[in-house]
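Single-letter residue listing:
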Amino acid sequence: MNLSFLHQKKRGPAITLLLMVLAFVAGPATPTAAQAATAPEPDVPGGFKSQNIRVSLASPTPDARIHYTLDGSPPVPGVSPEYSQPLDLGPTSGRGAVTLRAIAVSDGGPPSDVATHTYLFPEGILNQSSTPAGFPAAWVDSRGRSTVTADYEMDPNVVEDPNYATMALEALTSIPTVSLVTDIAGLFDRRTGIYSNPEQYGELWERPTSVEFLYPQEGRRVHLNAGLRIQGGTSRIPDKAHKHSLRLLFKSEYGASRLDGQFFPDSPVERFDTLVLDAGLNLVWIHPEEAQRNAGQYVRDQVVADWQNAMGHPAPHGRWFHVYLNGLYWGLFGVHERPDDQFAASYLGGAKEEWDIVKNTTGFEVVAGTRTEWDALLTRVAATGTDAASLANLETVLDLTAFADYLLLNFYAGNTDWPHHNWYAGRRRVPGAQWRFFSWDAEHVFKNLQDNRTTANEPATPGGIWNVLRRNPEFRQLFADRVPIVSEGKWGPAEAFASDRILIRHGAEYKPPSVDSDQAPAASRP
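Residues numbered from 1 in each chain as written. Predicted model: local features only at pLDDT ≥ 70, side-chain atom pairs only at ≥ 80, totals over all residues. Heavy atoms only, no water.

(A) Examining the nonpolar core more closely. One finds Leu180, Phe213, Phe263, Leu275, Leu277 and Trp330 to be the most contacted residues of the largest nonpolar core, which totals 37 residues. Broken down by secondary-structure element, the contributors of at least two residues to this core are strand 11 (177–181), helix 5 (185–188), strand 12 (207–215), strand 13 (220–231), strand 14 (245–249), strand 17 (274–278), strand 18 (318–325) and strand 19 (328–336). Residues contacting phenylalanine 263, with those up to four places away along its chain left out, are Phe213, Tyr215, Val269, Phe272, Leu275, Arg319, Phe321 and Val335. Formed by 27 residues, the second largest nonpolar core is a distinct cluster that contains Leu407, Leu408, Trp423 and Val468. (Core = buried A, V, L, I, M, F, W, Y, C linked by side-chain atoms within 4.5 Å. Buried < 20%, exposed > 50% of the residue type's maximum accessible area, 1.4 Å probe, protein only. Helix = DSSP H or I, 4+ residues; strand = E, 2+ residues; numbered from the N terminus. Contact = heavy atoms within 4.5 Å.)

(B) Up close: the packing of aromatic side chains. Summed over all chains, the structure comprises 37 aromatic pairs. Their ring planes at 75° and their centres at 5.1 Å tell us that phenylalanine 213 and phenylalanine 263 sit as a pair that is edge-to-face. Note that phenylalanine 213 is positioned in strand 12 and phenylalanine 263 in the loop between strand 15 (259–260) and strand 16 (271–272), a separation of 50 residues in sequence. Of the two residues, phenylalanine 213 and phenylalanine 263, neither departs from the other in class, the shared state being buried. Judged by centre distance (5.5 Å) and plane angle (10°), the ring pair of phenylalanine 263 and phenylalanine 321 falls under stacked. (Phe/Tyr/Trp six-rings, centres within 6.5 Å; stacked < 30°, edge-to-face > 60°.)

(C) Main features of the side chain of lysine 49. Residue position: lysine 49 is located in the loop between strand 2 (47–48) and strand 3 (53–55). Look at lysine 49: it is buried, it has no salt bridge, and the nearest opposite charge is aspartate 43 at 9.3 Å. Within the structure, lysine 49 has its side chain in polar contact with the backbone oxygen of proline 45 (distance 3.2 Å). (Lys, Arg positive; Asp, Glu negative; His and termini not counted. Salt bridge = Lys/Arg side-chain N within 4 Å of Asp/Glu carboxyl O. Polar contact = N/O pair within 3.5 Å; in protein donor to acceptor, adjacent residues only side chain to side chain.)

(D) Highlighting the environment of glutamate 365. Mapped onto the elements, glutamate 365 comes out in strand 21 (residues 364–368). Taking the C-alpha atoms as reference points, glutamate 365 and tyrosine 424, 59 residues apart in sequence, are found 9.6 Å from one another. If sequence neighbours within four positions are ignored, glutamate 365 has contacts with Ile357, Val358 and Lys359.

(E) Representation of helix 7 (residues 300–310) in the model. Along helix 7, nine of the eleven residues are buried, which leaves the element largely enclosed by surrounding structure. Inspection of helix 7 places Arg300, Asp301, Gln302, Val303, Val304, Ala305, Asp306, Trp307 and Gln308 among the buried residues, and these make up the whole buried set. Elements that come into contact with the buried residues of helix 7 comprise strand 17, strand 18, strand 19, helix 11 (400–413) and strand 23 (436–439). In the segment just after helix 7, glycine 312 is the residue with positive phi, at about 100°.

(F) Layout of empty space enclosed by the protein. What the rule picks out here adds up to five cavities of 30 Å³ or more. When its volume is computed, the largest cavity comes out at roughly 90 Å³. Surrounding the largest cavity, Val269, Arg271, Phe272, Asp273, Thr274, Glu337, Arg338, Asp340, Gln342, Phe343, Ser346 and Tyr347 form its lining. Breaking the lining of the largest cavity down by element, the ones donating at least two residues are strand 16 and helix 8 (341–348). Counting residues per element, the lining of the largest cavity draws most heavily on helix 8, at four residues. Per-class residue counts for the lining of the largest cavity are four nonpolar, three polar and five charged. Its volume calculated, the second largest cavity comes out at about 60 Å³. What lines the second largest cavity is simply Gln308, His313, Pro314, Leu398, Asp399, Ala402, Phe403, Tyr406, Trp435, Arg436, Phe437 and Phe438. Elements that contribute at least two residues to the lining of the second largest cavity include exactly helix 11 and strand 23. (1 Å grid on protein atoms, 1.4 Å probe; cavity = no way out; pocket = protein on both sides within 12 Å on 5 of 7 lines; lining within 4 Å. Points joined across faces, edges and corners; volume = space filled by probe spheres on them. Nonpolar A, V, L, I, M, F, W, Y, C, P; charged D, E, K, R; others polar.)

This is how it looks when you write it as structure tokens:
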């Protein structure tokens, strides 16, 4: 403590004595905590590389020591290798991508944030091994059950076939890529791994991960850290699917509290709290039933959501990405929005804290807010008769036009996995606000022209609401007036279709069981 003020002139002795006592009680000044070093950065940023590269690391912090790893684990001072010379990187250990993670440490200070860069070598990716270093041969859960015998390699019947090899190689850079890099134990440890225990939910089963969005067509890279969870309902069951959907959660505890910038070309929204990495389950090549595999298409769910957007109502936007886990190619995923409170606020206004969001995916659940106004909606539905007055009373809390369009969407698509589940709904908690429904998980659609969903009547669901409203003449007229949206083709073009080359690349990883061993899979065509 600086005591020079005690010698100032004209200061009374009592005041001086008091200040001296305070100075004694305060004691000597506490040393300022040392600042963390600045994270190191490579001179070659992550992305796709056509040949082996040499990478140098440097931190702006003077005299900082740099530690690094190449296996996805966070570097640890004194444990992880210390950087001393440029690193020669290329395909190795049975995988075609290298994950470089590095920290800087200065004397007396805490380590820097972890810098993560993924380098992808397309030729090496096609030769991905069935036993890559660091990955377990089997996924064993907390009860000691071997839920999956791992098979990580590319199908040689595809990648070595001259009819498909070139297309598979081109596919790697024809759409964007997501590289997730995390401690391998967080994925596959029998007690704590989220992939080994996919049926676990909640924050206790969320793991930190580095996220790199790579856009090879643009030469652009976006990096941030996030939480990683398993996503989905029955797709979590190991006997039903080995490729699980994932969810990214952007939180301040990991770094940036949101992903900023336009992510979906057809959406104006530039702020995201979460994103879903959708692996698909039904009517795709990974389904355990042969009939579903043979009818595999990777477009149904997103097409229905795109059509709801084209009708003028918000639904999850999506686009295709290749996904890598710790440098291992993991397949084709549809990355899309989740229609939660932030989604509703972004497209329909207000703050996220003002929204009630409910859903039924594996059971009814309140996603945000409370269920009070949802129960009030159901009460008004039950009170709606055939008269105009009761319908007008319901319309004060339910957007009838948007609801009619939502019904038409699912009726036209023949959605057989709805409405007993697979729906979201939301309402802003302000006077005059109305409930809206959002498309979700519409995989069981466009299967059979005889699928008639107009008979859906499950209570406390969109079907139950429809079953009441269909008896009201005014609503029937409103519904009929909306039919030309379908018959006149006003839904607009669907741009969710994946190209043949992308599906071939995906097929090489997931080896459709319905395909003969000596025949490469022809891409399913929409």
